[in-house]
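The primary structure of each chain is shown beneath.
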Amino acid sequence: GYLIGNETTGRTVVVDLRRDIDEDAAPQALTLDETDAEFASATMPSMESSGELGALMSLLPPPPARVLDLGCGTGWLSWILQSSGYHVTGVDIAPRAVELAQAYVAQMAMPDHIEVGVPVFLASPADALPFDSEFDAAIFFDSLHHVPDERSAITAVARALKPGGVLLTSEPGRGHAAASAAVVEKFGVTERDMPVGRIRKAGEAAGLVHVATLSRADELGSHLYGWLGKPLTLRSWLLNRSPLRIV
């Protein structure tokens, strides 16, 4: 298997059994308490993350590959992947998150989506996955930094991947833990710095090969076009004359 990872610096992202969803059952209304609502709001993607999500999906093997969505939260990414033709298993350590994910997918899976099926959801710690060589790809999308021990988690994921499988990570880097102190105090969650070097070492220790680090897609715009309207520098002049220039 191999690992592709990236990071962003200092950005705060808040935050026992496999159960299949009955495709013939009518969607059930879900009553959210205040904590559920805050959790759901915090784990839904932001506008800034949409470019990053598109980049990650472009790195996945083509459908109908089997994909493991780690730290799936309310299941929004699992559903996007499933409706794109993948066979998805979403995993979260919190049983309540799994319940919310199942309810979310039940609401989203209208009759015209029956052909794509629905994700399977499982409540499990990331370092205790009950899988062996079953998945073509796995994703930690802003979730690995909630895991107490990234090495044991990535080792378990590597075991779950088929030979040649890929693990994709997109995580906050240095400064995240300090910026998340209020979140930790309020929700009691784990918030850690997860710089890409730490992920690389964990991946290599787990036997993953071809480790690559990529720039975050949601930050490329500022790198490429942030010079517009600013005083001309050598960097901006070179960018303006590069083949990437849009006219």
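Since the structure is predicted, the reported quantities are computational estimates derived from the model, not experimental observations. (Residues numbered from 1 in each chain as written. Predicted model: local features only at pLDDT ≥ 70, side-chain atom pairs only at ≥ 80, totals over all residues. Heavy atoms only, no water.)

So, on to helix α3 (residues 76-83). In terms of burial, α3 is a largely internal element, six of the eight residues being buried. Along α3, the residues classified as buried are W76, L77, S78, W79, L81 and Q82. (Buried < 20%, exposed > 50% of the residue type's maximum accessible area, 1.4 Å probe, protein only. Helix = DSSP H or I, 4+ residues; strand = E, 2+ residues; numbered from the N terminus.)

With that settled, consider helix α8 (residues 196-205). For α8, the complete set of buried residues consists of V196, I199, A202 and G203. Buried residues of α8, seen end-on, are gathered within an arc of 125° and therefore sit on one face of the element. Set apart from the buried face of α8 by more than 90 degrees, the exposed residues are K201 and A205. Two residues or fewer past α8, G207 is found with a positive phi of approximately 95°. (Arc of directions from axis to C-beta.)

On to the side chain of E171, then. Along the polypeptide, E171 turns up in strand β6 (residues 161-172). A relative accessible area of 0% places E171 in the buried class. At 2.9 Å, the side chain of E171 and the backbone nitrogen of S143 are in polar contact. Reaching out from E171, the side chain makes a polar contact with the backbone nitrogen of L144 at a distance of 2.9 Å. (Polar contact = N/O pair within 3.5 Å; in protein donor to acceptor, adjacent residues only side chain to side chain.)

Oppositely charged side chains can form a pair if their charged atoms are brought close together. Taken as a whole and assessed by the stated rule, the structure comprises four salt bridges. The partner of R192 in a salt bridge is E150, with the nearest N and O atoms 2.9 Å apart. In this pair, R192 sits in the loop between α7 (181-187) and α8 while E150 sits in helix α5 (residues 150-160), placing the two residues 42 residues apart along the sequence. Each member of the pair, R192 as well as E150, carries the same accessibility label: buried. (Salt bridge = Lys/Arg side-chain N within 4 Å of Asp/Glu carboxyl O.)

This part is about the nonpolar core. L68 and F140 are the most contacted members of the largest nonpolar core, which has 24 residues in total. Ranked by residues supplied to this core, first place goes to α5 with six residues. If we skip the residues at most four places from it in the chain, F140 touches L70, A126, A153, I154, V157, L167, L168, T169, S170 and E171. Among the nonpolar cores identified, the runner-up in size contains 15 residues, and A65, V67, L77 and V166 belong to it. (Core = buried A, V, L, I, M, F, W, Y, C linked by side-chain atoms within 4.5 Å. Contact = heavy atoms within 4.5 Å.)

A complete count under the given rule lists two aromatic pairs for this structure. Between R66 and the ring centre of F135, over which it is positioned, the NZ or CZ distance is 4.4 Å. (Phe/Tyr/Trp six-rings, centres within 6.5 Å; stacked < 30°, edge-to-face > 60°. Lys NZ or Arg CZ within 6 Å of the ring centre and 35° of its normal.)

Turning to the pairing of strand β5 (residues 135-141), a few remarks are in order. Counting buried positions along β5 gives six out of seven residues, so the element sits mostly inside the fold. Here strand β2 (residues 66-70) runs beside β5; their pairing, made up of four bridges, is parallel. Its bridge partner being in β5, V67 is matched across the sheet by A137. Bridge count for β5 against β6 is six bridges, and the pairing is parallel. If you follow A138 over to β6, its bridge partner there is L167. As a crossover connection, the stretch from β5 through α5 into β6 is right-handed. (Pairing = 2+ DSSP bridges. Right-handed = clockwise from strand over helix to strand, strands pointing away.)

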